[in-house]
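One-letter residues, chain by chain:
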Amino acid sequence: VVERSLGNRLKDARTRLDLTQAELALLAGVSRKTINTVENGVFVPSTLLALALAQSLGMSVEELFYLVEK
Amino acid sequence: MIDLGPPNSHSGPDRPGAPMSTGAVTDEQIIAQLRGRQRWARWVVFAVAIASVLGGAFAYYFGRRHMIAASWWAVAAAGSLTLAALIWLMRTPPAAAYEARIVAKRTDELQRSRSRVLWLFPLQILLFAPAIIKETQHILDGGADRLLGLPRGIATTGYLVMMAIGLPTMMVTTLMVLIGAGYPKAIRPVMDDELSRAQRAKAIASGFVASFVGGLIALAAGLIQPRWAVLALPFVIMGSLAVAAVHFAILDRQADASG
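Cut-offs and rules
- Residues numbered from 1 in each chain as written.
- Chains lettered and ligands numbered in written order.
- Predicted model: local features only at pLDDT ≥ 70, side-chain atom pairs only at ≥ 80, totals over all residues.
- Heavy atoms only, no water.
- Helix = DSSP H or I, 4+ residues; strand = E, 2+ residues; numbered from the N terminus.
- Rg over C-alpha atoms; globule rule 2.2 N^0.38 Å.
- Buried < 20%, exposed > 50% of the residue type's maximum accessible area, 1.4 Å probe, protein only.
- Contact = heavy atoms within 4.5 Å.
- Areas by Shrake-Rupley, 256 points an atom, 1.4 Å probe, with all protein chains shown as cover.
- Lys, Arg positive; Asp, Glu negative; His and termini not counted.
- Charge placed at Lys NZ, Arg CZ, Asp CG, Glu CD.
- Expected span 1.5 Å × (residues − 1).
- Bend = angle between axes of the 7 residues up to and from the residue.
- Polar contact = N/O pair within 3.5 Å; in protein donor to acceptor, adjacent residues only side chain to side chain.

Regarding the overall build of chain A
Right, on to step 1. Secondary structure summary: chain A contains 5 helices and 2 strands in total.
Right, on to step 2. Element order for chain A, N to C, with α for helix and β for strand: β-α-α-α-α-α-β.
Right, on to step 3. Taken against the 2.2 N^0.38 rule, which gives 11 Å for 70 residues, the C-alpha radius of gyration of chain A at 12 Å falls within 12% of a compact globule.
Right, on to step 4. Judged by the C-alpha coordinates and their principal axes, chain A covers about 40 × 20 × 20 Å.
Right, on to step 5. Taking all 70 residues of chain A together, 44% fall into the buried category.
Right, on to step 6. Relative to all contacts within chain A whose residues are 6 or more apart in sequence, the contacts with residues 24 or more apart total 61%.
Right, on to step 7. Carbon and sulfur atoms form 52% of the exposed surface of chain A, whose accessible area is close to 4000 Å².
Right, on to step 8. Of note, chain A has its 8 positive side-chain charges centred 6 Å away from the centre of its 8 negative side-chain charges.

Structure, rendered in structure tokens:
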């Protein structure tokens, strides 16, 4: 069994658009804490949330998230 | 181009039937109004809590025996009035307070206030503990009525009030705060978002473990001395709720700080 975790480029994408966590949260319709925990890998988002975040940043889910094999 | 939504002010009707605003009101003014109400609510709760505790303690330790039951009813009545006042405050917000735009700006604030409430749960148990032990012992001793020579039912009234109002209130509050039920519709998504649901699942698992361990301890104690099991059960129930509540608050604080 391969152990996997979820990596993300959320912070890079967000800062590239000059958005704060709160602003991205507003765009994606979630709380700032959600953005914070996803960015830091503390919380693995659902497919729905991943799609919403990608859409808010004008990216695809694959561009925003990637698998990290351990 | 990222669109961050409508401009920072509005005018016109805020909800069906609401009067027209006389001028533009900024979101910040609405939020300031809300905070003013919350300050009031906090003072009301604080004053009623202090008055209840002082009044209850005075009647309990210095009053005549029949005042014990009366003091519990007074505490219950004060609690109910406070709850009614808080519901009124929440249900009659300043205009536009529960519009999605305003709620979105207050998400952090709302979630933090939820966690603050949860930290109070262990304190509630400590406050209730002496009365729970005393009243349970009265009943286990074959009825405090006979023991104290009081008219039937008076001595156990305190216990019944506590169990009928205190415990369910604590359980309902826990569920309300954890699930986000009972809040105005616009706030519910904030209190029940995806992260909250994940945190809640972990917190409830902790509460389950606590109730399992507590139940085992109560069972073991009951095998030695049956009355110990009965004495332990209210604490097992409240303790499990408190563990879930505090674990949720810890997770929420970690989520806030993990940046």
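Having put the structure on the table, let's press on.
Thoughts on helix H10 (residues 226–257) of chain B
Right, on to step 1. Spanning 32 residues, H10 of chain B covers 46 Å between terminal C-alpha atoms, matching the ideal 46 Å at 1.5 Å per step.
Right, on to step 2. Along H10 of chain B, the helix axis deviates most sharply at Ala-232 of chain B, where the bend reaches about 30°; the proline Pro-234 of chain B sits within four residues downstream.

Some points on the environment of Pro-226 of chain B
Right, on to step 1. Along the polypeptide, Pro-226 of chain B turns up in helix H10.
Right, on to step 2. Given a relative accessible area of 54%, Pro-226 of chain B falls into the exposed group.

Here's the deal with the side chain of Arg-32 of chain A
Right, on to step 1. Mapped onto the elements, Arg-32 of chain A comes out in helix H3 (residues 32–39).
Right, on to step 2. Here the side chain of Arg-32 of chain A touches Asp-256 of chain B through a polar contact of 2.5 Å, side chain to side chain.
Right, on to step 3. Here Arg-32 of chain A is in contact with Gln-21, Ala-22 and Ala-25 of chain A together with Asp-108, Arg-112 and Asp-256 of chain B, once residues within four sequence places are set aside.

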